[in-house]
Amino acid sequence: QAITHYEVAVDEDPENAASLGVLGIAYLKANEPEKARDVFERALAINPDSFEANHGLGIYHMREADYEQALGLLERAVALKPGDASVQVNISATM
């Protein structure tokens, strides 16, 4: 249900990096990691400063055991939104 809602939002505004980032997170939660990765990469191409896309793609790479890539993305996310506890937890999981 949530995925459909976010897909509609992206269809209406395909250049909205924030909407793409939220759609990617929904795909991750629905265990559709490849779709999530594609959407996060699309969001970052539009806006490299997208917190949602940096954080989400970092989680994707963490789940794929690509910790070096994950750490870089998660560190970028923390720089964009200092104090976000969820990013800090994910960073510690890459160590």
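Everything below is about the structure printed above this text.
Residues numbered from 1 in each chain as written. Predicted model: local features only at pLDDT ≥ 70, side-chain atom pairs only at ≥ 80, totals over all residues. Heavy atoms only, no water.

Explain the overall build of the protein to me, please; I cannot follow it from the model alone.
Looking only at helices and strands, one finds 6 helices and 0 strands in the protein. For the protein, the N- to C-terminal ordering of α and β elements is α-α-α-α-α-α. Taken along the three principal axes of its C-alpha coordinates, the protein extends 40 × 25 × 20 Å. For the protein, restricting intrachain contacts to residue pairs at least 6 apart in sequence, the fraction spanning at least 24 positions comes to 40%. Between the centroid of the 7 positive side chains of the protein and the centroid of its 16 negative side chains there is a distance of 3 Å. (Helix = DSSP H or I, 4+ residues; strand = E, 2+ residues; numbered from the N terminus. Contact = heavy atoms within 4.5 Å. Lys, Arg positive; Asp, Glu negative; His and termini not counted. Charge placed at Lys NZ, Arg CZ, Asp CG, Glu CD.)

Please clarify how the packing of helix α1 (residues 2-12) against helix α2 (residues 17-29) should be interpreted in this entry.
Between two packed helices, what matters for the description is the angle formed by their axes and the separation of those axes. α2 packs onto α1 with a crossing angle of 155° between their chain directions and a minimal axis gap of 9 Å. Relative to α2, the element α1 is oriented roughly antiparallel. When the axes of α1 and α2 are compared, the crossing they make is left-handed. Facing Ile3, Tyr6, Glu7, Ala9 and Val10 of α1, the residues of α2 in contact are Ser19, Leu20, Val22, Leu23, Ala26 and Tyr27. (Axes fitted to C-alpha atoms, helices over the stretch in contact; angles between N-to-C directions. Parallel < 35°, antiparallel > 145°, perpendicular 65-115°, else oblique. Left-handed = near helix turned anticlockwise from the far one by under 90°.)

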